[in-house]
Amino acid sequence: MAGSSSTKHAYVYDPGADSWSPIADMPADLWGSAYGVGSGKLVISSGVVNNSSAITNQGFAFDPAAGSWSALPNANTSVYRVGAATRGFYKIGGSLGSSNTAGVHRRDAARLRP
């Protein structure tokens, strides 16, 4: 993508066919988000939205069985370029835009049902 454009488009990789296919668009044009898998869902939290104009604490879960995204409760802090781990869902560190943070936020994987 040229410039500072961002996108809502999402894709799934099929290793058997060695190809990518579109899935439902994300509810927001996120980039720099924490992501992982919990309870069979792709979980995305925080990042940059609105065509790179704002940092958010929004989170979403993609359910492959339903083929749709649902909102999660907002994270404690709006950050981007953040790491994640999934035994539960941990959002670790990231940038507040003007500084970095050492925060760790956890969401229990069993509670990933919005």
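Residues numbered from 1 in each chain as written. Predicted model: local features only at pLDDT ≥ 70, side-chain atom pairs only at ≥ 80, totals over all residues. Heavy atoms only, no water.

(A) Representation of the overall build of the protein in the model. Assigned secondary structure in the protein consists of 0 helices and 9 strands. In sequence order, the protein lays out its α and β elements as β-β-β-β-β-β-β-β-β. For the protein, the residues scored as buried account for 34% of the 114 residues in total. Excluding contacts between residues fewer than 6 apart, the proportion of contacts in the protein whose partners are at least 24 apart in sequence is 33%. Accessible surface, the protein: about 6,500 Å² in total, of which carbon and sulfur atoms supply 51%. (Helix = DSSP H or I, 4+ residues; strand = E, 2+ residues; numbered from the N terminus. Buried < 20%, exposed > 50% of the residue type's maximum accessible area, 1.4 Å probe, protein only. Contact = heavy atoms within 4.5 Å. Areas by Shrake-Rupley, 256 points an atom, 1.4 Å probe, with all protein chains shown as cover.)

(B) Focus on the sheet that holds strand S3 (residues 34-38). Pairing is antiparallel across the open sheet formed by 4 strands, whose spatial order is S3-S4-S5-S6. Bordering the open sheet on either side are S3 and strand S6 (68-72), each of which pairs with just one other strand. Taking each pair of neighbouring strands and ignoring which way they run, the sheet shows an average axis angle of 25°. Taken together, the 5 bridges between strand S5 (residues 54-63) and S6 define a ladder with antiparallel strand orientation. Paired with phenylalanine 60 across the strands is alanine 71, a residue of S6. (Pairing = 2+ DSSP bridges. Axes fitted to C-alpha atoms, helices over the stretch in contact; angles between N-to-C directions.)

(C) Highlighting the nonpolar core. If you look at the biggest cluster of nonpolar residues, it comprises 9 residues: Ala10, Met26, Ala28, Leu30, Ile44, Val49, Phe60, Phe62 and Trp69. Among the elements of the structure, strand S4 (41-49) and S5 are those that each provide at least two residues to this core. (Core = buried A, V, L, I, M, F, W, Y, C linked by side-chain atoms within 4.5 Å.)

(D) Broad picture of the environment of leucine 30. Relative to the assigned elements, leucine 30 resides in the loop between strand S2 (19-23) and S3. For the pair leucine 30 and asparagine 50, spaced 20 residues apart in the sequence, the C-alpha separation amounts to 8.0 Å. Leave out the neighbours within four places in its chain, and leucine 30 touches Thr7, Ile44, Ser46, Gly47, Val48, Val49, Thr56 and Phe60.

(E) Expanded view of the side chain of threonine 56. Mapped onto the secondary structure, threonine 56 falls in strand S5. For threonine 56, the side chain forms a polar contact with the main-chain nitrogen of glutamine 58, separated by 3.0 Å. The contact partners of threonine 56, leaving out residues within four places of it in the chain, are Leu30, Ser46, Gly47, Val49, Ser78 and Val79. (Polar contact = N/O pair within 3.5 Å; in protein donor to acceptor, adjacent residues only side chain to side chain.)

(F) Geometry of unusual backbone geometry. Look at aspartate 18: it is not a glycine, yet its phi comes out positive at around 50°. Classification of aspartate 18 by relative accessible area gives exposed; the value is 57%.

(G) Focus on the confidence of the model for the protein. For the protein, the mean per-residue pLDDT works out to 74, and 66% of the residues sit at or above 70. At the level of individual helices and strands, the protein shows its lowest average pLDDT in strand S8 (residues 89-92), which scores 49, and its highest in S6, which scores 93. (pLDDT = per-residue confidence, 0-100.)

(H) Just the packing of aromatic side chains, in detail. Scanning the entire structure with this criterion turns up 2 aromatic pairs. Taking 5.1 Å as the distance between ring centres and 50° as the angle between the ring planes, the aromatic pair formed by tyrosine 13 and tryptophan 20 counts as tilted. A relative accessible area of 35% places tyrosine 13 in the partly exposed class. For tryptophan 20, a relative accessible area of 58% corresponds to the exposed category. Taking 5.1 Å as the distance between ring centres and 55° as the angle between the ring planes, the aromatic pair formed by phenylalanine 62 and tryptophan 69 counts as tilted. For the pair phenylalanine 62 and tryptophan 69, a shared accessibility class is recorded, and that class is buried. (Phe/Tyr/Trp six-rings, centres within 6.5 Å; stacked < 30°, edge-to-face > 60°.)

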